[in-house]
Amino acid sequence: MGRESEQTKFLKNKVIIQSQGRLCDTADEMLRSRPFRTLLENVLEDLSRRGSPMLDIFGEMGVTPEGINNLIQTFQYLTILERGVIPNILPESAVFFQDPGKLQDFVEYLYNAWRNYDRFVIVSGMNGQRVDDRPYRTFNNTVETLMHLVIATYRDIAENISGAHPRIYRQARAGVDIGTIVSREPLATGWIDQLGTPYNRLQDIPIIRQVLLYPPLVLNPPMNKRSGRFQRIDENPLSLVDLDNGEWIAYPAKVGDLSILTYIHEEFLELGLSLCNLFELAEDEDLKKPPDAIYLFGVPGDTLNRYGDLPTIFYDDEENGILVGAIPNESRFGYFGYLKKMILTLHNIIVMKRGRLPFHGALVNITLNQKCYTVLLVGESGAGKSETLEAFRVLSEDMLQDMTIIADDMGSLEITNGKVCGYGTEIGAYIRLDDLQPGYEFGQMGRAIFMNPSQTNARLLLPITTYAHVIEGFPIDIVMYANNYEEVDETHPVFERFPDSESALAVFREGRVMSKGTTTASGIVQSYFGNIFGPPQYFDLHEELADRYFEHFFQHELFVGQLRTRLGLPGWETRGPEEAARILITLLQDQQNR
């Protein structure tokens, strides 16, 4: 804050600082800056609205523009002098020291008000200069410098008011939550120029090249559930919208082996930057080629309203081989699920067109008693996939050599040289806090982004695997449908093997699940293959692929069945996945003895 080369925006509960290489260097520069004054005025307005007694520090005159100027000057002196000296230099400051305890309370409140914002720094070079060649130095000169400057300024002011040093220092995250370095160079001039209108509207939007975050991070986006599915339209969303370059930033995501350019409006910036815990960031070489898909997350205005009450849409530009998705800039879409699931929908459509079968499920490679197995557990959100595998990890600890996550949510299958190989999409997981098993590695929480932790369907987003594992391609041994809604009895065992492809396809096609509150649906719901993200929109194509792949499963004697996790049944939220995990252990051990 404080330099001419910066622009700072206060948007509802967030602060966005755009800088060209450096932020303010001194406390005096920071306190004189326009952003600090905006923060101070926002806090005073809030306190005035609530009739707070903290405003008594202004005396009988109350809060006036002149009084605000005097308070800022008083703060500047307090960074270097004790309170008793300052009225001799600045007589107007005397009113603020009539009750030092109240002034101390105000300073604490102001500091906490700053920290209660979601705070972001976007750094770009001046005059086309790149700042991502030495990203650590750039982050050190901006994000790290601001953090230490804010803390030091707060402590100096507080200590010079009280005349005492604290005995306990808590090094809070007081600068920004996430910093990012962007490139403002014209994007891959070749492919944009080649495609022309309407893709040239993306030309000058900055693209993220590096991200720095300070986890664990807590965000409170406006929504905590997702509704409906994504619909295909017959016109390119890019031709419908005007993109203000100053309000957008692009996250170039590597989704499996695909490249999806995700454009994020500043209203949803906290959600967009959280993608760094979910998808690998594309490299420079990836940006020289046309992306496989483009996603506009947060289109302003009512442009998309023509597509109904839930205008979450995508367009298949078959001529250019690119999918284009879009979602409106409305608070009801301010949920990470709309970002993640649209990206995965675009992925699923593309891989289907390339002859691969997408899946909604968890894919892991397990080394148990020195033998490797790759297990695919398919099912809708809340079916118990991740919970069962986490219980498996805990219960099989003594015999488990390794457990590599390939896909936590979405992926695809490909028949290669007679084998079915599985691929993932994400390096991270988007996990319900309520569904964490007691044995979960809480040491991983230090890398997490928490979303709406005090609400239903609270989530955490954290990296869980490597990009190399996501795209390696592991031969599949076992394919199971996660059934979370049926009781277990003599005719419905925990694990049931299907005798043929027809009986297997019947269960997978029906896609039944007991909703766990991850969407606005409730009770037992059905979705085609437990995957509304692409297969229903391209039903005929998916049917052809499903028939071919399931026939291949049985011809090559893959183990195909359903696993009853009972996660959706009251009282079985923990025991159900644990018993399913024990059966899976037994199943793998039986496989070893064959």
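One can find the structure itself at the top, above this paragraph.
The notes below deal with the structure included here. Being a predicted model, the structure only gives us computed values, none of them experimental. In this convention, every chain numbers its residues from 1, walking through the sequence in written order. Side-chain atom pairs in this predicted model are given and counted only at pLDDT of 80 or more, local residue features only at pLDDT of at least 70, and totals for whole chains, interfaces and linings cover all residues. Each side-chain value is worked out from all heavy atoms of the structure, with water and hydrogens disregarded.

## A few points about the sheet that holds strand S21 (residues 459-463)
Phase 1 of the analysis: For two strands to be treated as a pair, DSSP must find no fewer than two bridges joining them. Helix and strand definitions follow DSSP, with helices as H or I runs of at least four residues and strands as E runs of at least two, each counted in order from the N terminus. Read from one edge to the other, the open sheet built from four strands follows the order S6-S20-S21-S19, with strand pairing classed as mixed. Only two strands of the sheet have a single neighbouring strand rather than two, namely strand S6 (217-219) and strand S19 (428-432). The mean inter-strand angle of the sheet, taken between neighbouring strand axes irrespective of direction, is 20 degrees.
Phase 2 of the analysis: Bridge count for S6 against strand S20 (residues 449-451) is three bridges, and the pairing is parallel. Among the inter-strand pairings, Leu 217 is bridged to a residue of S20, identified as Ile 449. A fitted line through C-alpha atoms serves as each axis, taken over the contacting stretch for helices, and the angle formed by two N-to-C directions is quoted from 0 to 180°.

## Considerations on the packing of helix H13 (residues 501-510) against helix H14 (residues 539-555)
Phase 1 of the analysis: The N-to-C vectors of H13 and H14 enclose an angle of 135 degrees; their axes lie 10 Å apart at closest approach. As the angle between them shows, H13 and H14 are arranged oblique. Along this stretch, H13 crosses H14, giving a crossing that reads as right-handed. Residues Ser 501, Ala 504, Leu 505, Phe 508 and Arg 509 of H13 touch H14, and the partners they reach there are Glu 543, Ala 546, Asp 547, Phe 550, Glu 551 and Phe 554. Under this scheme an angle from 65 to 115 degrees is roughly perpendicular, one under 35 degrees roughly parallel, and one over 145 degrees roughly antiparallel; angles in between are oblique. Helix crossings fall into two classes, left-handed where the near helix is turned counterclockwise from the far one by less than a right angle and right-handed where it is turned clockwise. We call two residues in contact whenever any of their non-hydrogen atoms come within 4.5 Å of each other.

## What about the packing of aromatic side chains?
Two descriptors summarise a pair of aromatic rings, namely the distance from one centre to the other and the angle between the planes of the rings.
Phase 1 of the analysis: Planes of paired rings set the category: under 30 degrees apart is stacked, over 60 is edge-to-face and the rest tilted, where pairs are Phe, Tyr or Trp rings (Trp by its six-membered ring) whose centres lie within 6.5 Å. For the structure shown, the criterion picks out 21 aromatic pairs.
Phase 2 of the analysis: On the basis of an interplanar angle of 5 degrees and a centroid distance of 3.8 Å, the ring pair of Tyr 111 and Tyr 154 is categorised as stacked. With Tyr 111 in helix H5 (residues 100-116) and Tyr 154 in helix H6 (residues 135-162), the pair connects residues that are 43 residues apart, well separated along the chain. Of the two residues, Tyr 111 and Tyr 154, neither departs from the other in class, the shared state being buried.
Phase 3 of the analysis: In textbook terms, an aromatic cluster arises when at least three aromatic residues are bridged by ring pairs, as seen for Tyr 481, Phe 498, Phe 508, Tyr 528, Phe 529, Phe 539, Phe 550 and Phe 553.
Phase 4 of the analysis: The ring of Tyr 423 carries the charged tip of Arg 356 above its face, separated from the ring centre by 5.4 Å.
Phase 5 of the analysis: One Lys or Arg, Arg 566, reaches over the ring of Trp 572 and ends 3.9 Å from the middle of that ring. Remark: exposure states derive from per-residue accessible area (1.4 Å probe, protein chains only) relative to the maximum for the residue type, with buried under 20%, exposed over 50%, and partly exposed in between. Only when the NZ atom of a Lys or the CZ atom of an Arg is both within 6 Å of the ring centre and within 35 degrees of the ring normal do we say a charge sits over the ring.

## Observations concerning the side chain of Ser 274
Phase 1 of the analysis: Inspection of the secondary structure assignment puts Ser 274 in the loop between helix H8 (269-273) and strand S10 (280-281).
Phase 2 of the analysis: Non-local contacts of Ser 274, meaning those with residues more than four positions away in its chain, are made with Leu 219, Phe 336, Ile 449, Met 451 and Leu 461.

## A closer look at the pattern of salt bridges
Phase 1 of the analysis: Any carboxyl oxygen of Asp or Glu that lies within 4 Å of a side-chain nitrogen of Lys or Arg is treated as forming a salt bridge with it. Here the structure, examined in full by the defined rule, presents 30 salt bridges.
Phase 2 of the analysis: In this structure, Arg 173 and Asp 177 form a salt bridge, with 3.0 Å as the shortest nitrogen-oxygen distance.
Phase 3 of the analysis: One salt bridge in this structure joins Asp 409 and Lys 340, with 2.9 Å as the shortest N-O distance. On the criterion of sequence distance, the pair formed by Asp 409 in the loop between strand S16 (400-407) and strand S17 (410-416) and Lys 340 in helix H10 (residues 336-353) is long-range, its members being 69 residues apart. As far as the burial class goes, Asp 409 and Lys 340 line up, both buried.
Phase 4 of the analysis: Each of Arg 232, Asp 316, Glu 318 and Lys 353 takes part in a single network of salt bridges with overlapping partners.

## With respect to the pairing of strand S9 (residues 258-265)
Phase 1 of the analysis: With eight of eight residues buried, S9 is to be regarded as a mostly interior element.
Phase 2 of the analysis: Residues Leu 258, Ile 260, Thr 262 and Ile 264 line one face of S9 and the alternating positions Ser 259, Leu 261, Tyr 263 and His 265 line the opposite face, and both faces are buried.
Phase 3 of the analysis: Bridge count for strand S8 (residues 248-255) against S9 is eight bridges, and the pairing is antiparallel. Counterpart to Ile 249 in the pairing with S9 is Ile 264.
Phase 4 of the analysis: Between S8 and S9, which pair antiparallel in sequence order, lie two residues; one of them, Gly 256, sits at a positive phi of approximately 60 degrees.
Phase 5 of the analysis: Relative to strand S11 (residues 293-299), S9 is paired through five bridges, and the arrangement is parallel. Across the sheet, residue Tyr 263 finds its bridge partner in S11, namely Leu 296.

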